[in-house]
Amino acid sequence: MVGTRALGRRFEWLWAAYAVSTFGTFLAFDAFRLIAILVLDAGPTEVSVLAAAGLAVGAVVAVPLGPWVEFRRKRPVMVAMDLTRFAAVMSVPAAFVLGRLSFAQLVVVSVIVAAADIAFKAASGACLKALVRPEDLIVANGRLESTTWTATALGPPLGGAAIGLFGPMTTVVANAVSYLLSAAGIRAIGGSEPRPDRTDAPRLRAGDLLEGWRYILTNPALRPLFFNTVLVNGLIMASAPLVAVLMLGRLGFAPWQYGLAFGAPCVGGLIGSRLARRLVARFGPHKVMLTAGALRACWPLGLAFIHPGAAGISLVIAVQLGLVTCVGVFNPVFATYRLDRTETDRVARTLSAWSVTGNATIAAMTALWGLLAGITGLRTAIAIAGLLILATPLLLPRRDHTRQHEREPSRSRP
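Residues numbered from 1 in each chain as written. Predicted model: local features only at pLDDT ≥ 70, side-chain atom pairs only at ≥ 80, totals over all residues. Heavy atoms only, no water.

*Asks:* I'm lost on the overall build of the protein chain in this one. Help?
*Replies:* Helix and strand counts for the protein chain come out as 17 helices and zero strands. By the compact-globule yardstick of 22 Å for 414 residues, the protein chain fits well, its C-alpha radius of gyration being 20 Å. Once the C-alpha set of the protein chain is aligned to its principal axes, its extents read approximately 55 × 45 × 40 Å. Considering only residue pairs separated by 6 or more positions, the protein chain has 87% of its internal contacts joining residues 24 or more positions apart. Taken as a whole, the protein chain presents about 17,400 Å² of accessible surface, with 67% of it coming from carbon and sulfur. Put simply, the protein chain has 39 plus and 21 minus side-chain charges, and the middle of one group is 3 Å from the middle of the other. (Helix = DSSP H or I, 4+ residues; strand = E, 2+ residues; numbered from the N terminus. Rg over C-alpha atoms; globule rule 2.2 N^0.38 Å. Contact = heavy atoms within 4.5 Å. Areas by Shrake-Rupley, 256 points an atom, 1.4 Å probe, with all protein chains shown as cover. Lys, Arg positive; Asp, Glu negative; His and termini not counted. Charge placed at Lys NZ, Arg CZ, Asp CG, Glu CD.)

*Asks:* Sorry, what's going on with the pattern of salt bridges here?
*Replies:* Once their charged atoms are close, side chains differing in charge can pair, the charge on each being opposite to the other. For the structure shown, the criterion picks out 11 salt bridges. Ionic pairing is found between R341 and D340, a salt bridge with its closest N-O pair at 3.4 Å. For the pair R341 and D340, one class covers both residues: buried. Among the charged side chains, a network of salt bridges with common partners joins E211, R214, E343, D345 and R346. (Salt bridge = Lys/Arg side-chain N within 4 Å of Asp/Glu carboxyl O. Buried < 20%, exposed > 50% of the residue type's maximum accessible area, 1.4 Å probe, protein only.)

*Asks:* It is not clear to me how the packing of helix α7 (residues 137–166) against helix α14 (residues 309–340) should be interpreted in this structure. Could you clarify?
*Replies:* When two helices pack together, their arrangement is given by the angle between their axes and by how far apart the axes lie. Between α7 and α14, whose axes approach to 9 Å, the crossing angle comes to 145°. As for the relative orientation of α7 and α14, their crossing is right-handed in sense. Between α7, through L137, I138, N141, G142, E145 and W149, and α14, the contact on the second element is made entirely by V324, V327, G328, N331, P332, V333, A335, T336 and L339. (Axes fitted to C-alpha atoms, helices over the stretch in contact; angles between N-to-C directions. Left-handed = near helix turned anticlockwise from the far one by under 90°.)

*Asks:* What's the story with the packing of aromatic side chains in this structure? I'm lost.
*Replies:* The way to describe two aromatic rings as a pair is by their centre distance and the angle between their planes. Inspection of the entire model under this criterion finds six aromatic pairs. Taken together, a centroid distance of 5.6 Å and an interplanar angle of 15° make the contact between F330 and F334 stacked. With F330 and F334 both in helix α14 and four residues apart, the pair spans about one turn of that helix. Accessibility classification places F330 together with F334 in one group, the buried group. With centroids separated by 5.6 Å and ring planes inclined at 55°, the aromatic side chains of F334 and W354 adopt a geometry described as tilted. Highlighted residues: F334 in helix α14 and W354 in helix α15 (residues 347–376), separated in sequence by 20 residues. Of the residues examined, W354 reaches a relative accessible area of 6% and is grouped as buried. One aromatic cluster in this structure is built from F226, F227, F330, F334 and W354. (Phe/Tyr/Trp six-rings, centres within 6.5 Å; stacked < 30°, edge-to-face > 60°.)

*Asks:* Just to check I follow, could you spell out the packing of helix α3 (residues 44–62) against helix α10 (residues 223–250) for this structure?
*Replies:* Across the interface, α3 lies against α10 with an axial gap of 10 Å and an inter-helix angle of 140°. The element α3 and its partner α10 pack so that their crossing is right-handed. Contact with α3, carried on its side by P44, V47, S48 and A51, involves P241, L242, V245 and R250 of α10 and no other residues of that element. Of the residues belonging to the contact of α3 with α10, the class tally is six nonpolar, one polar and one charged. (Nonpolar A, V, L, I, M, F, W, Y, C, P; charged D, E, K, R; others polar.)

*Asks:* Which parts of the structure should I look at to understand a nonpolar patch on the surface?
*Replies:* A contiguous nonpolar surface patch, about 300 Å² in accessible area, is contributed by V267, I271, L275 and L321. The element best represented in the nonpolar patch is helix α12 (residues 267–283), accounting for three residues. Its location among the elements puts I271 in helix α12. (Patch = residues over 30% accessible without salt bridge, like charges linked within 9 Å, V, L, I, M, F, W, Y side chains within 5 Å.)

*Asks:* What should I look at first to understand the environment of V243 in this one?
*Replies:* By the element assignment, V243 lies in helix α10. Given a relative accessible area of 2%, V243 falls into the buried group. Separated by 89 residues in the primary sequence, V243 and P332 have C-alpha atoms spaced 27 Å apart. Here V243 is in contact with F262, L303, I306 and I382, once residues within four sequence places are set aside.

Structure, rendered in structure tokens:
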């Protein structure tokens, strides 16, 4: 089982840091979106702009961060990004207390957090690969994925209840503090970290900025997964602000009901992530990715049919349970597959390019779907996203590159 294999004290600290920041993030699930709707009276277009602008500008800012991270020690970068996110997020409750909070500030903070997230994820992927043996990556990724879904299941309902009891800024403060605790956990990993090549390079070369994308697009194992995951995530996230406005605005659900509807089904993600290693051992990573990746596309269309009351909540829970169970299986297998097939000296740039593209795609689709909702209505826009996602399994890799990879180990571990 995923939880019974020892991976060492250093991984345990990395895992602890990941857990505390992830719980903080999901405790503040959709916090900015809720603040925009409930405090600043934002409508569907403004909520979509908030989600899109933060990701889009953050992705642009993060383009040089990938190669910058690649040529530096990873743990100091992770600590710096945690502290940056703490300062940015804490500025929101500070402005609220002073009566100066504005929609523009939410956008600026979203940009800073989005850029820091990309740099942090790029560094943490490289850090994980350095701390864990290749044969243990599926176990490590399974534990991180289990943590994500546990936080997703518990965080939103608790966050919704906290907002109802103590006000909209409670979870924002908790999220900020979680970044401080994460930085402390990363510092506690200890041990020496090798100095990457070109750490003292005076400036980045133009080729460094594009290396991540070049590597992905010329790699037959990574290229189809890149297009599939970017589009699936983009389509799912594009409809998320519209679902929030539909449920919290048009249908009159309370914040705690909204959090419960999206939090409770995440137990399926926890189950899926714990099954991933067993499924890979029995069927192989390619078949598991292909099956789980196809099945996860079948669910989002159901969100177009939400109605008020218990029936609406039940529908959301059923749709989300099916979706996150499939995603819970897919994600750790995909993350392991990607790390295993990426050369060590290209991990940060590859993960950064992946995140930049994913965030930019989410931003573009979110903005487009906000406009689409204004023209066609909320339900129609959500349905169009659900229909389009049904075609994404066609982009999954049909060929299993595992055997070729095993015959050419020097390509992934020079």
